[in-house]
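Take a look at the letters that make up each chain.
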Amino acid sequence: MRAAPATCRPAAAPARPTRRPGVASLSRVELVQLVGQPRTQVAAVGCLLAPLAVVIVTRLVGTVPSDTLFGRWLPDGGMALPLVMLGFAGQWGIPALMSLMAADVFAAEDRHGTWPALMTRSTTRGRIFAGKAVSATGVGLGLVALLGASAILCGRLLGPTQPLLGLSGQELAGDGLTGLVVMAWLTQLLPALVFGSLAVMLSVLTRSAASGTAGPVVLGLLASLVGMAGLPEWLRELLPGTGFETWHGLLAQPAFLGPLLRTSLVCVWWIALFLLVAWRVFARRDVRTS
Amino acid sequence: MSHPARLETRGLTRRYGASYAVAGVSLRVAPGSIHGLLGRNGAGKTTFIAMLLGLVRPDAGSILLDGAPVAPFRDGVPSQVAGVLDSPRFRPGLSGRANLTLLRAYDGRTIGGRTSLRDVDLQRLLEQVGLAARADEPVRGYSLGMRQRLGLAAALLRRPRLLVLDEPANGLDPAGALQVGDLLRRLQAEGVSILLSSHDLDQVEDLCPDVTVLGHGTVAYQGSVNHLRRTAPAPTVRLGTSDDALALTVGSRLTGVEVGHASGAAGAAGREPLEVRAPQPELDRYVLALARANVAVRSMSVQRTSLHAAFHALTADDGPRPPETPQGACGPVPSSFPLQGVAS
């Protein structure tokens, strides 16, 4: 240790009461940390390039995913590209993105043994929890938005005037079609938050990033399988993954928004449940020393 | 009217299942003083400190800061309190400086980009703990001693009036430990109160006029180090002589002197050395008696100081244990549980 100066004034000066950092401040701090991580940057680049990769692979392989909604129009470019990607993303892509971001933000502190360092600062557990949950799910939602924007932009560039047949056989084209596709992607945000909240909960409960990441993806796939098992519609709408499919109603003539509204409420319920469980565990947890 | 203690705990208790980790511990740390917290591994020191720092929820008892009750577990650590737990950990991918900046943000000192602690202060703090030269290296390459220094810097960053330290010299070389001692003295001189938990009895003896000794989660002794030393068992001295048999005989004739072979220890020429337990005046008489009996004293080493002896006596494995409760039962610590050796 070097010779220390004769005074400790910076440390020992009487502490002025400081305003405790709010959720917004802590979210910003965590956001900066998350965005600076390589996996976030790799995921962002992946989201940017994924639509282009889909187009290239489709053209190289020479076959089209005709059994997928709007898949047969994929080679023509246009809005078929973001809609096909939306169909796949809802099954596992968005849950994977959300859990990748949300699972580690809590578990990493357990892994590194850094909870004591954070929890002995001038903030409360509630604010730490909220700051971390907001930043992690916020980055996840940002990546989903980036994927959607990239797909829409790519589709516009490859087929700027390519019309599309809607689910009722009506022709969709121009800015109206683009607007519908943007709305369809926006409907993914609430279900995405369900999976982000699930990842937070699993991360807090198990203190493991692996289970927090894999859990939501597996649940998303299971929900899709169960959804195809001929369940009554009301029961299907209660599943956490059904909200990913309700954008279909936007492309019908006339549009049917009932499922979208109902699954939105279901999503809010799941988000509240997952976050409440995570918070209860987090708030009562003893932080053992490293 | 007397000043309230900077820190006071009343009956602080925490248990896991049926056994108490900390059972009804009460202590006071006066303003501007360094109070030692001693105890063997598992005595409850770290759990006690973790309760003070809001990391572990107390089952019973209260914490007062300058006379006002606080609840760190529920409300967060008060801004005038800082602490470091044993072997502090930080984000390994960030540098020491970046970790401090992050923790400073958690203290609310960089809200909206405005910094109330200037970078020059941060640099001075890093110099103070001897980490300035390596502050920009990733923490994953830090030794335990360097992490201890960073932990100390992180605590001082809060400009605390009460500093709670758990084994701050752990992992430091002797020179580093001495400098931590100097730093604590300077902080004390500037009015900071310090609760110092340590295994290093010499450091505690050097820094702390008052100590609390924990044994099995309860207060085994509370009071001044001087009082503890006065009432301690005699120190133990290991002796090498020219004639051990005669030395034993001489010792057996003196009152107040216990002499025997040190079991398991090898002395000169493979013989077990003698171990003498006697207060200093009796030890002096014994050495003079050996000289009169033509027994040369070839070596003499103090094995256990009076403070060490007192500590071992207070925290022996067969010492008092808090009673266990039926599984799942919950209630206050029995008030009849004996607190031994509490010196007023």
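The rules behind the values
- Residues numbered from 1 in each chain as written.
- Chains lettered and ligands numbered in written order.
- Predicted model: local features only at pLDDT ≥ 70, side-chain atom pairs only at ≥ 80, totals over all residues.
- Core = buried A, V, L, I, M, F, W, Y, C linked by C-beta atoms within 7 Å.
- Buried ≥ 20, exposed ≤ 12 C-beta atoms within 10 Å, placed from the backbone.
- Helix = DSSP H or I, 4+ residues; strand = E, 2+ residues; numbered from the N terminus.
- Contact = placed C-beta atoms within 7 Å.
- Axes fitted to C-alpha atoms, helices over the stretch in contact; angles between N-to-C directions.
- Parallel < 35°, antiparallel > 145°, perpendicular 65-115°, else oblique.
- Left-handed = near helix turned anticlockwise from the far one by under 90°.
- Pairing = 2+ DSSP bridges.
- Domains from an automatic or database assignment.
- pLDDT = per-residue confidence, 0-100.
- Nonpolar A, V, L, I, M, F, W, Y, C, P; charged D, E, K, R; others polar.
- Expected span 1.5 Å × (residues − 1).

A. Main features of the nonpolar core. Among the nonpolar cores identified, the biggest contains 155 residues, and Val200 of chain A together with Ala153 of chain B are the most heavily contacted of them. Among the elements that take part in this core, helix α4 (residues 80–112) of chain A stands out by supplying 18 residues, more than any other. Excluding anything up to four places from it in sequence, Val200 of chain A contacts Ala102, Phe106, Ala133, Ala136, Phe274, Leu275 and Ala278 of chain A. Val259, Leu274, Ala278 and Val295 of chain B belong to the second-largest nonpolar core, a separate cluster that totals 12 residues.

B. Local environment of the packing of helix α3 (residues 38–61) of chain A against α4 of chain A. Residues and elements named next belong to chain A. At a minimum axis separation of 12 Å, α3 and α4 run at an interaxial angle of 165°. Between α3 and α4, the angle falls in the class roughly antiparallel. Crossing handedness for the pair α3 and α4: right-handed. Of the residues in α4, those touching α3 at Arg39, Thr40, Ala43, Pro51, Val54 and Val55 are Leu81, Met85, Leu97, Leu100 and Met101.

C. Up close: the sheet that holds strand β2 (residues 19–29) of chain B. All names here are of chain B. What the four strands build is an open sheet, ordered β2-β1-β4-β5; its pairing is antiparallel. Each edge of the sheet is formed by a strand with only one pairing partner; in this case those strands are β2 and β5 (68–70). On average, adjacent strands in this sheet sit at an angle of 30° to one another, irrespective of strand direction. As defined by bridge partners, strand β4 (residues 60–65) adjoins β5 across three bridges and the pair is classed as antiparallel. From the neighbouring strand, Leu64 faces β5, where its bridge partner is Pro69.

D. The environment of Trp115 of chain A, seen in detail. Residues and elements named next belong to chain A. Relative to the helices and strands, Trp115 resides in helix α5 (residues 115–119). A count of 21 C-beta atoms within 10 Å places Trp115 in the buried class. Separated by 85 residues in the primary sequence, Trp115 and Glu30 have C-alpha atoms spaced 14 Å apart. If near-sequence neighbours (up to four positions away) are discounted, Trp115 is found in contact with Glu109, Asp110 and Val287.

E. Structural context of the domain arrangement of chain B. Entries for chain B in the domain assignment read domain 1 (7–230) and domain 2 (236–304). Here the C-alpha centre of domain 2 of chain B lies 42 Å away from the C-alpha centre of domain 1 of chain B.

F. Quick look at the confidence of the model for chain B. All names here are of chain B. Counting all residues, the mean pLDDT for chain B is 83, and 85% of those residues have values of 70 or more. Predicted confidence is poor over residues 111–116, with pLDDT under 50, and the contacts of this stretch with residues over four places away or in other chains come to seven contacts. Overall, residues 323–344 carries pLDDT values under 50, and its contacts beyond four positions in sequence, including any with other chains, amount to 35 contacts. This prediction of the complex comes with two scores: 0.81 for pTM and 0.79 for ipTM.

G. Quick peek at the pairing of β4 of chain B. Residue and element names in this part refer to chain B. In the sheet, strand β1 (residues 7–16) pairs with β4 via five bridges, with the strands oriented antiparallel. Looking at the pairing, Leu7 lines up with Leu65 of β4. Connecting β4 to the next strand, β5, in antiparallel fashion are two residues, including Asp66 with a positive phi near 50°.

H. Region of the structure containing helix α3 (residues 96–106) of chain B. Among the 11 residues that make up α3 of chain B, nine are buried, leaving the element largely enclosed by the rest of the structure. At the C-terminal side of α3 of chain B, Gly108 of chain B shows a positive phi close to 80°.

I. Main features of the packing of α4 of chain A against helix α6 (residues 125–158) of chain A. Residue and element names in this part refer to chain A. Running from amino to carboxyl end, α4 crosses α6 at an angle of 160°, the nearest separation of the two axes being 9 Å. Classed by the angle they form, the pair α4 and α6 counts as roughly antiparallel. Considering how the two elements wind past one another, α4 and α6 form a crossing that is right-handed. Residue composition of the contact of α4 with α6, grouped by class: 21 nonpolar, five polar and one charged.

J. Representation of α4 of chain A in the model. Residues and elements named next belong to chain A. Taking 1.5 Å per residue, 33 residues should reach 48 Å; α4 reaches 44 Å between its end C-alpha atoms and fits that length. For α4, the tally of buried residues reaches 25 of 33 residues, placing the bulk of the element in the interior. Immediately downstream of α4, the backbone of Gly113 shows phi near 70°, a positive value.

K. Geometry of the sheet that holds strand β8 (residues 193–197) of chain B. Residue and element names in this part refer to chain B. Pairing within the open sheet is mixed, and its six strands lie in the order β6-β7-β8-β3-β9-β10. In this open sheet, the two edge strands, each paired with only one partner strand, are β6 (81–84) and β10 (218–224). The sheet shows a mean angle of 15° between the axes of neighbouring strands, direction not considered. In this structure, strand β9 (residues 210–215) lies alongside β10, joined through six bridges in antiparallel fashion. Pairing of Val211 across the sheet is with Gly223, part of β10. Here helix α6 (residues 174–189) sits on the sheet in contact with β3 (34–39), β7 (162–166) and β8, set at roughly 150° to β8.

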